[in-house]
Amino acid sequence: MMEMNYDAAIIGGGVVGCAIARELARYDLSICVIEREEDVCSGTSKANSAIVHAGFDATPGSLKARFNVEGNRMMGELSEELDFSMIQNGSLVLCFSEEDIPALKKLYEKGIKNGVTGLSILSGDEVRAMEPNVTETVVAALYAPTGGIVCPFGLTIGLAENACDNGVEFLFNTEVKVIEKTEKGYDLKTGEGTIHASYVINAAGVYADVFHNMVSEKKIHITVRKGDYCLLDKEAGTHVSHTIFQLPGKMGKGVLVTPTVHGNLLIGPSATDVEDKEGVNTDAKDLSDIMEKAVWGVKNIPFRQTITSFSGLRAHEAGDDFILGEVSDAAGFFNAAGIESPGLTSAPAIGVYIADLVAEKAKASRKENFKTTRKGILDPQKLSFEKRAELIKKDPRYGTIICRCEGVSEGEIVDAITRTLGAVSLDGIKRRVRAGMGRCQAGFCAPRTMEILARETDRTMEDICKNRPGSNIVTGHK
Amino acid sequence: MTEHDIVIIGGGPAGLAAAVAAKKAGITDILILERESCLGGILNQCIHNGFGLHTFKEELTGPEYAARYIEMAESENIPYKLNTMVLDISKDKEVTVINREDGLSTIKAKAIILAMGCRERPRGALNIPGYRPAGIYSAGTAQRLMNIEGFSVGKEVVILGSGDIGLIMARRMTLEGAKVKVVAELMPYSGGLKRNIVQCLDDYGIPLKLSHTVINIEGKDRVTGITLAQVDENRKPIPGTEEYYSCDTLLLSVGLIPENELSRGAGVRMSQVTSGPVVGDQLETSSEGIFACGNVLHVHDLVDYVSEEAALAGTSAAAYVKAACEKKAAHTVELSAENGVRYTVPQMIDLENMEDKVTVRFRVADVYKDRFISVYYDDVRVSHKKKKVLAPGEMEQVVLKKDSFKDYPELKRIVVCTEVE
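Worth saying up front: this structure is predicted, and the values here are computed from it rather than measured. Throughout, residues of each chain are indexed from 1 in the direction in which the sequence is written. Labels are handed out in written order, letters beginning with A for the chains and numbers beginning with 1 for the ligands. Where totals are concerned, whole chains, interfaces and linings use all residues; where local detail is concerned, this predicted model gives features only for residues with pLDDT of at least 70, and gives and counts side-chain atom pairs only at 80 or more. Where side-chain values are given, they derive from all heavy atoms of the structure, hydrogens and water being excluded.

Looking only at helices and strands, one finds 12 helices and 23 strands in chain A. Relative to the compact-globule value of 23 Å for 478 residues, chain A shows a C-alpha radius of gyration of 22 Å, a close match. Dimensions of chain A, computed from the C-alpha atoms along their principal axes, are close to 65 × 55 × 45 Å. Counting the 478 residues in chain A, one finds 63% classified as buried. Restricting to contacts in chain A with at least 6 residues of sequence separation, those with at least 24 account for 73%. When the accessible surface of chain A is totalled, it reaches about 18,100 Å², and 51% of it is carbon and sulfur. Separation of charge centres in chain A, based on 55 positive and 66 negative side chains, amounts to 2 Å. Under the scheme used here, helices are H or I runs from DSSP no shorter than 4 residues and strands are E runs no shorter than 2 residues, and both carry numbers assigned from the N terminus. Radius of gyration here is computed from C-alpha atoms only, and the compact-globule reference equals 2.2 Å multiplied by the residue count raised to the power 0.38. With a 1.4 Å probe rolled over the protein chains alone, any residue whose accessible area is under 20% of its type maximum counts as buried; one over 50% counts as exposed, and the rest are partly exposed. In this analysis, two residues are considered to be in contact whenever any of their non-hydrogen atoms come within 4.5 Å of each other. The Shrake-Rupley method, run with a 1.4 Å probe, gives the accessible areas here. Residue values count only the displayed protein chains as cover. The charge count treats Lys and Arg as positive and Asp and Glu as negative. His and the chain ends do not count. In this description, the location of a charge corresponds to atom NZ of lysine, CZ of arginine, CG of aspartate or CD of glutamate.

As structure tokens, then:
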């Protein structure tokens, strides 16, 4: 059993944990991220709407409002520093009845109070001029040009890789079971051994209440809120160009319809409270609900082109706001809890905030050699014909296409496996380079991707898993 | 940029048969582009027998059938490139190609034959609810892992969909020692060939549950079980009919989709019904000089028909190249699929320039007993043939002879339909 010492231990390798890790890596501290799965971005961060919210939704003065607007402002620069995809495509909140226009105006005013720039209210016809597939029933919409879409995998993995390049250690397949207060800080007992840390940062998503409640008398409760989504083929990706929300109204709370940064069309989510913190099973009723609701605002959605459906969990805290900062009765224990929507957008800002709090408490000084940038995995499809031809001459692996639907080459897959915090599972590869993410959903490429993964990590095909240990693909060799 | 008379995209049974026919029709400058590491396509993983009964009058396995055509192509010295993926076909027949040796290059073709085959519909297309663990395969993926790579993919199996691949995998997995508990089919009839139901399920005592579907998948790491339910006439699960099956593997054989991404890029007009290009009797698409055949055109049940159809595409492309790509005067008549006939391929016949006869293939929309297949030239019924059973899983055909059109100089439309009497 291992015995390890760190100044700071972050529980959770999701977008929030990785953002904190990356920001904390700016300081002279020894840091680890403890992740129970085999890879970062394996929980809430992997299955969500992938939206950069403008920030008009949250109650003015709330932490959600503050960090959403800050996070939105940071996202553009961050996407350049860490080389992940983000598009500021603007968002629309559709309003379906004259009676609801006051509610739309309220949303506008909330946005102004929260510091969202560029907001305007459009008439139904103006909306339809921008988005020809918006239905005739729409009477008005709130337009937010600062709204955007992001690759949640690219964001999380980019933060993690950069943190790692700056000295943060990542411990995978490591589950924290017990936290004990010690004289110097905390002992985190895991299945793999004990981690001694002076400071603990709780970024455990839907499990954040469990860890908080181990050290504090002031209990919190996270409700697991499940959301089902449908993802449509890239052929449907241009059906709308903005992110289309629906104003909650007579018909209930709507769903969003949005393009993704990769050109698919995403529809969802539903909202069902569940008991199981790993209850990511989709539900027939939830899936049909989101399809029914989606067509309130957007017509002719080609649902026949659905390539996958999935479910994500949101960590809803009873107080309906983020819980950020040092726990009052547990010195040195910091929470980033209750990070539900707009958590993805807020993560970069939360990262800075929590890291600064921890660094201040630790009286840590800033490093001089912090590397601010990280190079993403090269996407040959973004190169010119000539540049791509040159690349293949230099490295012929870029000339072998493994995933035909997404056009992913062997070179990209090898890069995904061999780089900093490389992928160890099929899902890890999928999230990094999209092999298996396309319309055949890995039907053709899975065996070939498995072979490359086995070869590059010196494992057998039987050892290759979809994600965590136990999710082996083949069951034996004949 | 290199140039070739005919570029064939796909080195499976369709591409190979098209190449051999084009060569025999006198075109020597042919190039086959194949994305896999060997010719033969999906046949290479179909190690069961039953191929070639029509073409070779004997029962071959998939690899054996493929080998016959590979030998023909090689003895005709037809060049091919393996591990070569086509990224794009432009409207003016420029093909962008990628591989390790040549890198990225462009090939200009006088004629193109599309022979890219099809892919399986994934779980997501059906929105099957539940968890997303390991152990869910499309039947073809499992087939490849087992038959080419030599792995076992599961011990206790449920199969959804009674398409031919699903049926064949039910037998295959049984022979490999797995327990196939049930095959569930959403429709009230099987999507596969009757002979496969008998030889792959009945012979092994594997139950087939028609009008059933998977309504839940359990297992967070690997599949641990699934729930089946009966469906009503609207294909909605009927409450109270749920049945749980423990299993570690779910195979999906829920439909094949022609792989026409490249065709769309080339601006080829597509059929909503077949998901393949709309073609005339020469198997030419709406883009001049681009021909289509095999499963990329419409999903076939027998490879023998693929070869036959592909040979026509090959000779047509050869004729197009030899005629210096010039357009002939035409009298084009549309084929109309009606009353239980879902579609026809071809969708158009050029009565002026057609061969002596044209084979029109189609599928029906439902299982019909004691029905007639009729052909109308405008309002005149010219053919009326009784069939004991018609089923969507079995492709049907009618042959139209050129001289049968002599008496209809003003013909506007050909109707293929089923009739009760």
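Still more ground to cover, so stick around.
Further remarks concern the side chain of A:Asp228. Residue and element names in this part refer to chain A. Mapping Asp 228 onto the fold places it in strand E13 (residues 222-232). On the accessibility criterion, Asp 228 (0% relative accessible area) is buried. A polar contact is formed between the side chain of Asp 228 and the side chain of Lys 226, at a distance of 2.8 Å. A polar contact is formed between the side chain of Asp 228 and the side chain of Ser 311, at a distance of 2.9 Å. Filtering out sequence-adjacent residues up to four positions away, Asp 228 remains in contact with Ile 267, Gly 268, Pro 269, Ser 270, Asn 281, Thr 282, Asp 283, Asp 286, Leu 287, Ile 290, Phe 310 and Ser 311. Side-chain atoms alone can form a polar contact between residues adjacent in sequence; in general such a contact is a pair of N or O atoms within 3.5 Å, and within protein one must be able to donate a hydrogen while the other accepts it.

All names here are of chain B. Within the secondary structure, Val 157 is located in strand E12 (residues 156-160). On the basis of relative accessibility, which here comes to 0%, the residue Val 157 falls in the buried class. Remark: the alpha-carbon pair of Val 157 and Glu 36, spanning 121 residues in sequence, is separated by 29 Å. In this structure, Val 157 is in contact with Met 173, Ala 178, Lys 179, Val 180, Lys 181, Val 182, Cys 247, Thr 249 and Leu 251, ignoring residues within four places of it in sequence.

All names here are of chain B. Two strands pair under a simple rule: DSSP has to find at least two bridges between them. Reading across from one edge, E23-E21-E28-E25-E26 is the order of the five strands in this open sheet, with mixed pairing throughout. For this open sheet the edge positions go to strand E23 (348-350) and strand E26 (380-390), each flanked by a neighbour on one side alone. Along the sheet, successive strands turn relative to each other by an average axial angle of 20°, direction set aside. Relative to strand E28 (residues 413-419), strand E21 (residues 332-338) runs parallel, the two sharing five bridges. For Ser 336, the partnering residue across the bridge sits in E28 and is Val 415. Inter-axis angles, ranging from 0 to 180 degrees, are taken between N-to-C directions of lines fitted to C-alpha atoms, where helices are fitted over the stretch in contact.

In this section: the UniProt feature "domain: BFD-like [2Fe-2S]-binding" (unreviewed entry) in chain A. UniProt positions are given in the numbering used here, feature names are shortened, and annotations may be inferred rather than shown by experiment. Mapped onto the present numbering, the UniProt feature "domain: BFD-like [2Fe-2S]-binding" (unreviewed entry) falls on residues 401-455 of chain A. Measuring from the first to the last C-alpha atom of residues 401-455 of chain A gives 17 Å, for a span that is 49% helix and 9% strand.

This part takes up the interface of chain B and chain A. Each partner contributes to the interface: chain B provides 48 residues, whereas chain A provides 52 residues. Buried area adds together the accessible area that both of two parts lose upon being put together, with accessible area traced by a 1.4 Å probe. Regarding the contact of chain B and chain A, the summed buried area is about 4,300 Å², with carbon and sulfur atoms giving 52% of it. The largest per-residue losses of area from chain B upon contact with chain A belong to B:Arg100, B:Arg132 and B:Phe151, which jointly make up 16% of the total buried on that side. Here, a salt bridge means any Lys or Arg side-chain nitrogen found within 4 Å of an Asp or Glu carboxyl oxygen. The residue A:Arg404 makes a salt bridge to B:Glu259 at a minimum N-O spacing of 2.6 Å. On inspection of chain B and its partner chain A, the count reaches 19 residue pairs in polar contact (both at pLDDT 80 or more). As defined by bridge partners, strand E23 (residues 476-477) of chain A adjoins strand E11 (residues 151-152) of chain B across two bridges and the pair is classed as antiparallel. Across the sheet, A:Gly476 pairs through a bridge with B:Ser152, a residue of E11(B).

What follows concerns the pattern of salt bridges. What the rule picks out here adds up to 57 salt bridges over all chains. We note a salt bridge from A:Asp427 to A:Lys466, for which the minimum N-O separation is 3.3 Å. Here A:Lys466 lies in the loop between helix H12 (446-456) and E23 and A:Asp427 lies in helix H11 (residues 426-433), a separation of 39 residues in the sequence. Look at A:Asp427 and you get buried, because its relative accessible area is 7%. Its relative accessible area of 17% is what places A:Lys466 among the buried residues. Three or more residues joined by partner-sharing salt bridges are found here, namely A:Asp233, A:Arg404, A:Arg439, B:Arg35, B:Glu36, B:Arg119, B:Arg144, B:Glu149, B:Glu259 and B:Glu261.

All names here are of chain A. Taken together, the three strands give an open sheet; going across it, the order is E3-E8-E4, and neighbouring strands pair in antiparallel fashion. With partners counted over all chains shown, the strands left at the sheet margins are strand E3 (51-52) and strand E4 (86-87), one partner each. As paired elements, E4 and strand E8 (residues 148-150) share two bridges and run antiparallel to each other. Bridge assignment links Ile 87 to a residue of E8, and that residue is Ile 149.

Let us look at the UniProt feature "domain: FAD dependent oxidoreductase" (unreviewed entry) in chain A. Here the UniProt-annotated "domain: FAD dependent oxidoreductase" (unreviewed entry) positions come out as residues 7-357 of chain A. Taken as a whole, residues 7-357 of chain A contains 29% helix and 30% strand, while its terminal C-alpha atoms sit 14 Å from one another.

With that settled, consider the UniProt feature "domain: FAD/NAD(P)-binding" (unreviewed entry) in chain B. Per the UniProt record, "domain: FAD/NAD(P)-binding" (unreviewed entry) is found at residues 4-299 of chain B. Taken end to end, residues 4-299 of chain B is 22% helix and 30% strand, and its first and last C-alpha atoms sit 28 Å apart.

Next up on the list: the pairing of strand E16 (residues 265-268) of chain A. Residues and elements named next belong to chain A. Burial along E16 is two-sided: Leu 265 and Ile 267 and Leu 266 and Gly 268, pointing in opposite directions, are all buried. Bridging between E13 and E16 involves three bridges; their strand directions are antiparallel. Opposite Leu 231, over in E16, you have Leu 266 as the bridge partner. Pairing geometry for strand E15 (residues 256-259) and E16, over four bridges, is antiparallel. Counterpart to Val 257 in the pairing with E16 is Ile 267. Taking the residues that link successive antiparallel strands as the turn, the E15-E16 hairpin has five residues, and the phi of Gly 263 there is positive, at about 95°.

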